[in-house]
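Overview (structure and organization)
Here is how the chains run, residue by residue.
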Amino acid sequence: MKKIIVAIDGYSSSGKSTMARQLAREIGYLYVDSGAMYRAVTLFALRHGLATPHGGVDVESLVSRLPEISVSFALAPDSIQHTCLNGEDVEREIRGMEVSEMVSPVAAIPEVRHRLVALQQGYGRDKGIVMDGRDIGTAVFPEAEMKVFVNASPEVRAQRRVDELRAKGVEVDYDEVFANVCERDRIDTTRKESPLRQAPDALLLDNDHLTRDEQMQWLLDRFHEITK
Ligand code: DC
């Protein structure tokens, strides 16, 4: 069977990462969470005082320190891919509210995007990859054979994020998470450099009312149609 590139884009907390990871497992493809890469760069900025929740991002200093940042993935004992920042497993830290609050402005910096997009394109060189993010079908792999754009209402997405964080033992407030989801949507869709938008040839998956199993079946059906 021919190997393809599957690009899954959509709003934050639309469930696309879980979906993309599961799809990759089912079809035996490599999975890359591109959002995790932007989160790792954001963590670096926070740790080095180059981004502060109220002071914003020191763009010039962060750009000058980009050569010091290495982002990679390692398979953890739970067989889930963990994101590493300069070799350190930071999977847990990059999912917290501090990083979530600062990641959109960091991801809007063109130099950060150029660096991470080049890395992402390297992962797709041999195809057989599922990658999820915001610009995978539009900028990273415009030639991807299968593109999916995932949509869900901000209320449903905020509730999912709250459930996900609470399941990990992180106590959060729904209103705070809802505000964060809306603010990230605003920045992600209005930034100058490759804003979040549906590629003209992407399949739309509106998942407000679909169960996980229904979504997976839908994705597998599309995948088999395209690769047959
Ligand atoms: O998917 P996520 O919520 O982990 O993504 C974190 C942030 O990174 C999100 O605010 C937008 C940004 N992002 C991006 O700009 N481009 C991507 N390909 C993936 C994520």
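Scroll up to find the structure.
Below: a short report on this structure. Please read these numbers as outputs of a predicted model, since none were measured by experiment.

Considerations on the overall build of the protein
Helix and strand counts for the protein stand at nine helices and ten strands. Over its C-alpha trace the protein gives a radius of gyration of 17 Å, about what one expects of a compact globule, namely 17 Å for 228 residues. Considering only C-alpha atoms, the protein reaches an extent of 50 × 40 × 35 Å along its principal axes. Pairs at least 24 apart in sequence give 73% of the contacts found in the protein among residues at least 6 apart. Of the roughly 10,800 Å² of accessible surface on the protein, a fraction of 51% belongs to carbon and sulfur atoms. In the protein, 29 side chains carry a positive charge and 37 a negative one; their mean positions are 4 Å apart.

Re the layout of surface pockets
Its boundaries defined by the atoms lining it, the largest pocket holds a volume of some 970 Å³. Taken together, 40 residues make up the lining of the largest pocket; nearest its centre are S17, T18, R95, R161 and E164. Sorting the residues of the lining of the largest pocket by element identifies α1 (16-27), α2 (34-47), α4 (97-107), β8 (129-133), α7 (154-167), α8 (174-190) and α9 (212-227) as the ones contributing at least two each. Taken together, the residues that form the lining of the largest pocket break down as seven nonpolar, 14 polar and 19 charged. In this model, the second largest pocket occupies a volume close to 170 Å³. Lining the second largest pocket are R21, A24, R25, Y29, L30, Y31, L75, S79, I80 and Q81. At the level of elements, α1 and β2 (30-33) are the ones that each hand at least two residues to the lining of the second largest pocket. Ranked by residues supplied to the lining of the second largest pocket, first place goes to α1 with three residues.

Cut-off values and rules
Residues numbered from 1 in each chain as written. Predicted model: local features only at pLDDT ≥ 70, side-chain atom pairs only at ≥ 80, totals over all residues. Heavy atoms only, no water. Helix = DSSP H or I, 4+ residues; strand = E, 2+ residues; numbered from the N terminus. Rg over C-alpha atoms; globule rule 2.2 N^0.38 Å. Contact = heavy atoms within 4.5 Å. Areas by Shrake-Rupley, 256 points an atom, 1.4 Å probe, with all protein chains shown as cover. Lys, Arg positive; Asp, Glu negative; His and termini not counted. Charge placed at Lys NZ, Arg CZ, Asp CG, Glu CD. 1 Å grid on protein atoms, 1.4 Å probe; cavity = no way out; pocket = protein on both sides within 12 Å on 5 of 7 lines; lining within 4 Å. Points joined across faces, edges and corners; volume = space filled by probe spheres on them. Nonpolar A, V, L, I, M, F, W, Y, C, P; charged D, E, K, R; others polar.

Scope: geometric values only; no functional claims are made or implied.
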